[in-house]
Amino acid sequence: MSKKVFVLSIVLMSLSLIGIIFVQAYFINDAYQNEKARFKFNVKSALSYVSNAIEQKELDRYFERFQELDSEKKKDSAEVSRLFIYQRNNSTKDMLIYKSDVLEENYKLSSSLFDIGLDSIDIKRIIGNSEMQVVDGSDFSDEDIGESPILKIVNSGVLKDAERNSFNKNFKAFAKTIPVHKRVSREEVADLLSTKFKQNGIDIDFEFAIYSRDLATKVYSEGFEKTQESTFSIPVFYDENNQSNYKLLVNFPKDGKFIFSTILGMVLLSIVFTSIIIIAYSSALFQLIRQRKISQIKTDFINNMTHEFKTPIATINLALDAIKNPKIINDNEKVLRYLRMIREENKRMHAQVENVLRISKLEKNELNISKDRVDLNDLVEDAVTHVELIVEDRKGYIKTHLNAQQTSVLANDTHFTNVIVNILDNAIKYSPESPKIDVFTENAGTNVILKIQDQGSGMSKAAAKRVFEKFYREHTGDIHNVKGHGLGLAYVKRIVDDHQGFVSVESEKGKGSIFTIKLPLIS
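This one's a predicted model, so the numbers in the text were calculated from it and none came from an experiment. (Residues numbered from 1 in each chain as written. Predicted model: local features only at pLDDT ≥ 70, side-chain atom pairs only at ≥ 80, totals over all residues. Heavy atoms only, no water.)

### Re the overall build of the protein chain
Then, in step 1: When you go through the protein chain residue by residue, the secondary structure sums to 12 helices and 15 strands.
Then, in step 2: Residue burial in the protein chain is summarised as follows: out of 523 residues, 36% are buried.
Then, in step 3: Put simply, 69% of the contacts in the protein chain that link residues at least 6 apart link residues at least 24 apart.
Then, in step 4: For the protein chain, the accessible area works out to roughly 31,700 Å², and carbon and sulfur atoms hold 52% of it. (Helix = DSSP H or I, 4+ residues; strand = E, 2+ residues; numbered from the N terminus. Buried < 20%, exposed > 50% of the residue type's maximum accessible area, 1.4 Å probe, protein only. Contact = heavy atoms within 4.5 Å. Areas by Shrake-Rupley, 256 points an atom, 1.4 Å probe, with all protein chains shown as cover.)

### A short note on the packing of helix α10 (residues 413–429) against helix α12 (residues 488–498)
Then, in step 1: Close contact between α10 and α12 brings their axes to 9 Å; oriented N to C, the two are set at 145°. Relative to α12, α10 is oriented so that their crossing is left-handed. Every residue of α12 that contacts α10 at His-415, Phe-416, Asn-418, Val-419, Asn-422, Ile-423 and Asn-426 is listed here: Gly-488, Leu-489, Tyr-491, Val-492, Ile-495 and Val-496.
Then, in step 2: Partitioning the contact of α10 with α12 into residue classes produces 8 nonpolar, 5 polar and no charged. (Axes fitted to C-alpha atoms, helices over the stretch in contact; angles between N-to-C directions. Left-handed = near helix turned anticlockwise from the far one by under 90°. Nonpolar A, V, L, I, M, F, W, Y, C, P; charged D, E, K, R; others polar.)

### Details of the environment of His-415
Then, in step 1: Relative to the assigned elements, His-415 resides in helix α10.
Then, in step 2: There is a polar contact of 2.7 Å between the side chain of His-415 and the side chain of Tyr-491. (Polar contact = N/O pair within 3.5 Å; in protein donor to acceptor, adjacent residues only side chain to side chain.)

### Side note on the pattern of salt bridges
Then, in step 1: Counting across every chain of the model gives 10 salt bridges.
Then, in step 2: Here Asp-498 ties to Lys-371 by a salt bridge, and the two come within 3.0 Å at their closest N and O atoms. Of this pair, Asp-498 sits in helix α12 while Lys-371 sits in the loop between α8 (332–363) and β9 (372–375), and the two are 127 residues apart along the sequence.
Then, in step 3: Residue Lys-371 is classed as partly exposed on the basis of its relative accessible area, which comes to 27%.
Then, in step 4: Taking the shortest distance from any N to any O, the salt bridge between Glu-508 and Lys-511 comes out at 3.6 Å.
Then, in step 5: Overall, Glu-508 belongs to the partly exposed group, its relative accessible area being 45%.
Then, in step 6: Using a relative accessible area of 60% as the deciding quantity, one classes Lys-511 as exposed. (Salt bridge = Lys/Arg side-chain N within 4 Å of Asp/Glu carboxyl O.)

### Regarding the UniProt feature "transmembrane region" (unreviewed entry) in the protein chain
Then, in step 1: In the numbering used here, UniProt assigns the "transmembrane region" (unreviewed entry) feature to residues 6–28 and 258–281.
Then, in step 2: A helix fraction of 100% and a strand fraction of 0% characterise residues 6–28, whose end C-alpha atoms lie 33 Å from each other.
Then, in step 3: Along residues 258–281 the backbone is 96% helical and 0% strand, and the end-to-end C-alpha distance reaches 34 Å. (UniProt positions renumbered as here; feature names shortened; annotations may be inferred.)

### Points about the side chain of Thr-417
Then, in step 1: In this structure, Thr-417 sits in helix α10.
Then, in step 2: Ignoring any residue separated from it by four or fewer positions in sequence, one finds Thr-417 in contact with Leu-379, Asp-382, Ala-383 and His-386.

### Looking at the sheet that holds strand β13 (residues 447–454)
Then, in step 1: Spatially, 5 strands are ordered β10-β12-β13-β15-β14 in an open sheet, and the strand pairing comes out mixed. The open sheet terminates on both sides in strands that have one partner only, identified here as β10 (397–402) and β14 (502–507). Across this sheet, the average inter-strand angle for adjacent strands is 15°, counted without regard to direction.
Then, in step 2: As paired strands, strand β12 (residues 436–444) and β13 are joined by 8 bridges and run antiparallel to one another. When the sheet's bridge partners are listed, Phe-440 is paired in β13 with Lys-451.
Then, in step 3: Along the sheet face, helix α9 (residues 376–393) touches β10, β12, β13 and β15 (513–520) and points at about 170° away from the line of β10.
Then, in step 4: Of the strands in this sheet, β14 and β15 are in contact with α12, which crosses β14 at around 140°. (Pairing = 2+ DSSP bridges.)

### A closer look at the sheet that holds strand β5 (residues 207–212)
Then, in step 1: What the 4 strands build is an open sheet, ordered β6-β5-β8-β7; its pairing is antiparallel. Unpaired on one side and paired on the other, β6 (215–220) and β7 (231–236) mark the two borders of the sheet. Within the sheet, the average angular offset between the axes of one strand and its neighbour, ignoring direction, is 30°.
Then, in step 2: As judged from the 6 bridges shared by β7 and strand β8 (residues 246–251), these two strands associate in the antiparallel manner. When the sheet's bridge partners are listed, Pro-235 is paired in β8 with Lys-247.
Then, in step 3: Helix α4 (residues 186–199) contacts β5, β6 and β8 of the sheet and is inclined by roughly 125° relative to β5.

### Some points on the nonpolar core
Then, in step 1: If you look at the biggest cluster of nonpolar residues, it comprises 42 residues, and the most contacted ones within it are Phe-416, Ile-420, Leu-424 and Ile-517.
Then, in step 2: The element contributing the most residues to this core is α10, with 8 residues.
Then, in step 3: Residues within four places of Phe-416 in sequence aside, it is in contact with Leu-376, Leu-379, Ile-495, Val-496, His-499, Ile-517 and Leu-519.
Then, in step 4: In terms of nonpolar packing, the next biggest core, distinct from the first, is built from 29 residues, Leu-47, Val-180, Val-184 and Leu-248 among them. (Core = buried A, V, L, I, M, F, W, Y, C linked by side-chain atoms within 4.5 Å.)

### Structural notes on a nonpolar patch on the surface
Then, in step 1: Where nonpolar side chains cluster on the molecular surface, the patch consists of Val-7, Leu-8, Val-11, Leu-12, Leu-15, Ile-18 and Phe-22 and spans about 670 Å² of accessible area.
Then, in step 2: As for its position among the elements, Leu-12 is in helix α1 (residues 3–68). (Patch = residues over 30% accessible without salt bridge, like charges linked within 9 Å, V, L, I, M, F, W, Y side chains within 5 Å.)

### A short note on the pairing of β8
Then, in step 1: The element β8 is largely enclosed, with a buried count of 5 among its 6 residues.
Then, in step 2: Pairing analysis gives 6 bridges linking β5 to β8, with the strands arranged antiparallel. Bridged to Tyr-211 within β8 is Lys-247.

### Quick notes on the packing of α9 against α10
Then, in step 1: Between α9 and α10, the least distance of the axes is 9 Å, while the angle of their chain directions is 40°. For the element pair α9 / α10, the angle class is oblique. The hand of the α9/α10 crossing is right-handed. Residue-level inspection shows Leu-376, Leu-379, Val-380, Asp-382, Ala-383, Val-384, His-386, Val-387, Ile-390 and Val-391 of α9 in contact with α10, the latter providing Asp-413, Phe-416, Thr-417, Ile-420, Val-421, Leu-424 and Ile-428.
Then, in step 2: Of the residues in the contact of α9 with α10, the class split is 13 nonpolar, 2 polar and 2 charged. (Parallel < 35°, antiparallel > 145°, perpendicular 65-115°, else oblique.)

### Things to note about the packing of aromatic side chains
We describe a pair of aromatic rings using the distance from one ring centre to the other and the angle between the two ring planes.
Then, in step 1: This structure, assessed with the given rule, holds 11 aromatic pairs.
Then, in step 2: Between the aromatic rings of Phe-39 and Phe-258, the centroid separation amounts to 5.8 Å while the plane-to-plane angle is 55°, which identifies the pairing as tilted. Separated by 219 residues along the polypeptide, Phe-39 in helix α1 and Phe-258 in helix α5 (residues 255–262) bring together distant segments of the chain.
Then, in step 3: Both rings, one in Phe-232 and one in Phe-252, keep their centres 6.1 Å apart while their planes meet at 75°; by these two values the pair is edge-to-face. (Phe/Tyr/Trp six-rings, centres within 6.5 Å; stacked < 30°, edge-to-face > 60°.)

### What to know about the confidence of the model for the protein chain
Then, in step 1: This prediction gives the protein chain a mean pLDDT of 78; 71% of its residues lie at or above 70.
Then, in step 2: The low-confidence segment residues 477–481, where pLDDT is below 50, has 2 contacts with residues more than four positions distant or belonging to other chains. (pLDDT = per-residue confidence, 0-100.)

This is the structure we're talking about:
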């Protein structure tokens, strides 16, 4: 995958993920706003019901008391209204006669009905009487009315609806002078609000108050605080002109939590599924980047392996060509020299192939590592003998400081010797000048510590973090001044881990490196 395609894929995947998150956020916010609007509608519906209920209960209470106070009614005046209608049916010649009488008796009631300090209040008693007759209209005259009707229907009595409407109008005119706390109690308001809110699905704490022209009255709950943003209001106690000076105000201290709780399930599901998408995306992106890095490392490995194999192959070809020379083939000394060169270069290539196969077997857990009691100091001295000639040839030194008193560990002597040799070989390769290497052993509790310190070129902190990764080599462009494939330290890490040990490196560019291995002791 080219770099442009790789970057484009990441950008498109990232934009898609961000788009999904924004869409989820939009729908959650939309659901919240819908629930908020539904909450407001339910609250206003409940307030409208409570306002009407408070007013109706007051009117009902006083109208019942009014009907019981016949002794206090004082007739003031009376008015009679009459309606008289004739209508002839042309097909049957019958005459329809409709008569209606309405008696309005005006009374004055003493203020004892209301306990409000007024002298009296005007009310009306309305009595209605109606009669409908159907008479034979073939020979009809005014004197015949009522003598022999074909049909006669008579209704009479008190017109309660008309009387109630009159009472309500007059009562409202005077009731607006009554203090609101005498018209309704805070307990009554609280009970009506609580019942209606629960019926509308609003089961949370609330506070209320009745205000008169923006001034607080004595009807309020203890925790009420008027705020412009979260207070609902509705007029209450309308007068005879359908106007009101009072407002019932309600607010909810935890309305935000209540509204959010209604969509909590959807929010949690959205978070869970979005989190799964993010985790899957992150994992895919991580794997994509990792595979790209591995691909780059393998490419570097192949290039480096090709470079390293070219030299021994070229040497072998030159040696074979030299042996075929008639002047050389009879010179046993030169033939043996070229054969040794061929053998050494062949060993070198074989060793590189063995390194690759060894790492492959380690990853597949096919490498048989048997462990026995061994002395770590002995392994160190054995490993030093493998590289000391190379160090001496480069005019350097390798010194051992074996200070550990207890050095018995459970290990495979061959593989662990290879571990030490690989670290020493690494120290030699990355020493531009004469290699200067010190090897230390010391005890630390139930562990033995092995330190290999060099004064070579060192490495950056970023490289130190990744130096034990397979195929990893610090980037130096196309310069191959140091041979290797990034396999030696990966092998070290796997073997040390298999021995229940721990390996780390401390390094600074230009000041060398210190490799530390910690192994558990055995008694």
